[in-house]
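Per-entry structural report
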Amino acid sequence: MDLQTLTNLFATTYNPDPNIRKSAELQIRKIANEEGVIGALLQIIANGSIEAATRQACAVWLKNRVYKTYALETDRRPDQPFIGNTDRDSLRGSILHLLATSPSRAITTQLGAALKTIIAHDFPEKWPGLIPQIKQLLQSNSVQEVHAGCIAALEAIRAFKFRQTTDVLPGIISELFPILVSIATQMAGQTPTAAQEIPTMLHLILKTYKSSITVNLSAHQQSAESIVPWGKLFFAIVNLQLPAESVPADEEGRERSEWWQTKKWAYAILGRLFHRFGNPSQLPSTMQKEYGTFAAHFVDQFAPEILSTYLKQVNLFVSKQAWLSKKCQYHIFTFFTACVKPKSTWVLLKPHAQTLVSTFVFSQLTFNEERKELWNTDPVDYVRVSVDEYENYSSPVAAATTFLLSLATNRTKITFMPILAFVNQVLRSNASPQERFGALNMVAALGTHIMSHPEVKTEMEQFILSFVTPALSSSEPYLRAIALEILGTVVKHGLQWSNPQQLMSHSQAAAQALDDSEFPVQVQGALALTEMVTAYDDVRQAVAPQVGKVVHALVKMSDDTDLSVVNSAMEVIVEQYQVELLPVAAELVAHLCATYMRYVQEIASKEADVDPTQIEFDDISGDDNDKSFSAMGVAKTILTVVDSIEESKEILAQVQEIIVPVLVFTLEHKLIDLFDYVYELTDSLTFHSRAIAPSMWRIFELTYSAFKTDAVDFLEEMLPTLDNFISYGSETIKGNNDYKKMLVDIYTASLTVEHLGENDKVNGSKLAESILLNLRGSVDDYLHIIINAALSLLDQPVTQALRLANLEVLVNSVLYNPVAALHIMETKQAGTARKFFDLWFAAINGENKLPRVHDKKLSILTLSALMEVPAANVPDSLRDGWPGIVGGALRLFKDLPKAVEVRKALQAEYDAGEEIDDTYAEKLLNFNDEEGDVWDDESAYLEMLANESARLRAKSERQGGDGSTADSDSDEEEELIEEELTYISPIETVDAYTTFKRALTTLQLQNGPAYQAATTALDVDQQTLLMEVMRIADATAAASA
């Protein structure tokens, strides 16, 4: 296709007429795989006479095509998109020049992203000249070429920044970084102006450095020849005073400006160097060898200078002599937090801690203009960012709070009481309402610490009465909100009221807040009331008559917002008032389902507008998941209601019919983000009902369809629901051949779908076990499929969990129909049955190879079934070992009582719930040596993560080096298989002792020689055990008679 025609086609892809646009896109797809098309697009992008929008459309298509298909060279389908060798050569030969001549930032962004993909795939083997080409650009006298070189350097680093074991990245760093730091140093030495070339390139260079230290710090970067010039550069940029005319006048524009973006990266890099590589006291042991020397040097030579520089910047900021962007403030707080635990930096920070709290931290926590504007313009978002700790974790407010908590936690003796003294000082002074909010906000943040402090917690009731209670009736709504937040926090952590009347008056204040005119106050009232209902029985009883009103208020809040905290509060209220809410359960669920449907219909509508084939023409970007998260929160609340009414079967049946349509809608529209909750709800409904309603079978059919298309990865989530369908809907399945076929197909697919892992195979094997145990006599036509699928795994190296699960599929097959199963095995290949028996008896006689009660009972029942097989039907390969069946069963009986006791103990522990950690307060507050290094749970956790990462990396290297399999070190890492307490086995009610006795009697009657051989081969201990088994069988039979 000639260039003009191709140009016209891409010009048409943004035509407002959808029919014309679609026609052009179809034509482009038809020619997309033709050799030379990408080369032609590169020419169009380079042609300055072509309209910019057309060139950008070509760049977007090119970026997406490279991203999706560049790695595909072999093993592709004939119709699959690909990029031919000629076009690959064109890309490598042209893309750097295109970057240097790009007419717009939009096109540059697309080309940069494509370059990253190409480098990741081709460098160094297929593009050995890349680094010299980048160096040539960086050393050019042309600003455009230097800019292109900076972009290329960034994309080269980004292509490899997450690779743990590679020699590629250190080589790129050592070649390019000396040039980059020289360029950046020269630029940073010039007086800042409004021109964008210098700050843009500085931004790119610093972003390149930050990307290079994502995982590792190369030997070159640790050397003095690198860290010294780079360090000087970072300090120069942090200290750079920007003239007013060099940045936008408005704060929002300044935040986004290239100069402040550059400063942000300088702060971020210094923080990353210290936190990950330069902090000896917190450096994980696995990193000591590689970074220990560097860390000791950095904390001695660099950390004090960073701290001094940051304190200077903070002083200028709080005295209003200089401005700091929010991201820079965030990184400063993050660095201060990292300085709290190491002794060497704490000594330097300690003299400034109280001043920082009373100025820099306090200014973030007051009710400032930014909070006021958000409260007035978007109160829902105000609640979201102030209540949800994960909503805006990278804000300076969140970082200031983290710093405050770190001081209180790690340096309690020195900082905690002065912080509280400052709070009291503000509250006892004539401070403005905004400042009083800041002081109360500190208390809310420190509430857990306050209630864990042995001296302070006893004073908290008086503090509440003095400062919080008056605020509950304040004319300023934000003071009412923060007072309620404090009330909920201290109640949650154990506040005891000396006066019951005070308790009730405060609970009434929380309840009345539900009717407040300001939405944030309503939410805080709901949260505080929820905590009080949970903590105090008197409050629970007092609220009971009004619980309908409370739930109605919460439902309305949920309808009006997407706040997860509201749904969480509703869950707690439902749990607390299960009996009281029974009469309105169906009404409540109907309302919740309507809310859920509103969310999912909006999600489905948006997804319906997206053409999956359109991705080559539209820029790839992330979707807004707010509605999905909201729907998840509502689904959790519905689940809580379902679990609360399990004893009332009639109401449960009503609720189920209300819920099923929303589950069907979610599955039909393939809203995969919500599948977890769909299957939790379906599992809960079917399990509590112990029956499958007719409407539920549509969910079964959709589950199979989803598994075969978009949700093949969801077998683990689907399994409990599928097991319930089989267990409680067995009669329906027995009479429906399509349903049986679907179930068996899911099992075989779990073993054969290429990208499914071992856990999926384990879950598939559990499904096969459920089929065989629950559909006895009804899946004869599928028995050979199940057995042959399981036999295909016998010789594969797998984990113990899969080895056991697969073995038990075969054991279940024998239990299902011993004669047919053994015949199928022998038909596949003579001696297969013997091979299976050898593996089975190795597990029976092995140590902890059949660890659970179910494992042992299943094998006992199956061995008992084999004892009843007529002698003529025993395969020849098994006749010699047939008498050993009795000994195998006795071996299992020997271990069964212990397994039963272990299960009972685990069940008791599970029923008792989680134990309260009595050492929580001790861990939260540090009353020990205040001057030494602090090593806490967080430090230990990071140590554990580093050790695990090192172990996995070493394992991966061993496997890569010697070609060993995933099971190469399974002997040293054999996983422990624990009891599944929530699994109700179909053989749970079958008595193994009476079954064995009956089978042994049958063996004696119909196969005397085998019986004689089996019993005479028993040693004294086995004979004694046999008599005990028979005694227990007789006692059980007598008890049930």
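Quick notes on the rules
Residues numbered from 1 in each chain as written. Predicted model: local features only at pLDDT ≥ 70, side-chain atom pairs only at ≥ 80, totals over all residues. Heavy atoms only, no water. Helix = DSSP H or I, 4+ residues; strand = E, 2+ residues; numbered from the N terminus. Contact = heavy atoms within 4.5 Å. pLDDT = per-residue confidence, 0-100. Salt bridge = Lys/Arg side-chain N within 4 Å of Asp/Glu carboxyl O. Buried < 20%, exposed > 50% of the residue type's maximum accessible area, 1.4 Å probe, protein only. Phe/Tyr/Trp six-rings, centres within 6.5 Å; stacked < 30°, edge-to-face > 60°. Lys NZ or Arg CZ within 6 Å of the ring centre and 35° of its normal. Patch = residues over 30% accessible without salt bridge, like charges linked within 9 Å, V, L, I, M, F, W, Y side chains within 5 Å. Areas by Shrake-Rupley, 256 points an atom, 1.4 Å probe, with all protein chains shown as cover. Axes fitted to C-alpha atoms, helices over the stretch in contact; angles between N-to-C directions. Left-handed = near helix turned anticlockwise from the far one by under 90°. Nonpolar A, V, L, I, M, F, W, Y, C, P; charged D, E, K, R; others polar.

Moving on to the environment of Ile118. Looking at where Ile118 falls in the secondary structure, it is placed in helix α6 (residues 105–122). Taking the C-alpha atoms as reference, Ile118 lies 20 Å from Ala57; in sequence the two are 61 residues apart. Aside from chain neighbours lying at most four places away, what touches Ile118 is Val66, Tyr70, Leu91, Arg92, Ile95, Phe123 and Trp127.

A few words on the confidence of the model for the chain. Summarising the model, the chain shows a mean pLDDT of 90, and 93% of its residues fall at 70 or more. Every residue in residues 619–624 is under pLDDT 50, and counting partners more than four places away or in other chains gives seven contacts.

Let us look at the pattern of salt bridges. Scanning the model with the defined rule gives 29 salt bridges in all. Lys135 is the salt-bridge partner of Glu175, the closest N and O atoms lying 2.8 Å from each other. Here the residue Glu175 occupies a position in helix α9 (residues 168–188), and Lys135 occupies one in helix α7 (residues 130–138), the gap between them amounting to 40 residues. Given a relative accessible area of 37%, Glu175 falls into the partly exposed group. According to the relative accessible area criterion, Lys135 is partly exposed, its value standing at 23%. Here the salt bridges do not stand alone but share partners, grouping Lys766, Glu808, Arg852, Asp855 and Glu980 into one network.

This structure, assessed with the given rule, holds 41 aromatic pairs. Here Tyr209 and Trp230 contribute two aromatic rings whose centre-to-centre distance is 4.7 Å and whose plane-to-plane angle is 45°, an arrangement assigned as tilted. Of this pair, Tyr209 sits in helix α10 (residues 197–212) while Trp230 is found in helix α12 (residues 224–239), placing the two residues 21 residues apart along the sequence. In terms of burial, Tyr209 and Trp230 fall into one category: buried. Centre to centre, the rings of Trp697 and Phe725 are 5.1 Å apart; their planes meet at 45°, and the pair counts as tilted. Taken together, the residues span a long stretch of sequence, with Trp697 in helix α38 (residues 697–708) and Phe725 in helix α39 (residues 715–728) at a distance of 28 residues. The pair Trp697 / Phe725 is uniform in exposure class, with both members buried. Directly above the ring of Trp323 sits Arg254, whose terminal nitrogen or CZ lies 4.5 Å from the centroid. Taking the ring centre of Tyr599 as reference, the NZ or CZ of Arg598 above it sits at 5.3 Å.

Nonpolar side chains collect at one region of the surface, where Tyr941, Leu942, Met944 and Leu945 lie side by side and expose about 360 Å² of accessible area between them. Following the sequence through the fold, Leu945 ends up in helix α51 (residues 937–962). Given a relative accessible area of 37%, Leu945 falls into the partly exposed group.

A few words now on the packing of α7 against helix α8 (residues 143–160). Where α7 meets α8, the closest approach of the two axes is 7 Å, and the angle between their N-to-C directions is 145°. Crossing hand, α7 versus α8: left-handed. Contacts between α7 and α8 involve Ile134, Leu137 and Leu138 from the former and Glu145, Val146, Ala148, Gly149, Cys150, Ala152, Ala153 and Ala156 from the latter. By residue class, the composition of the contact of α7 with α8 is nine nonpolar, one polar and one charged.

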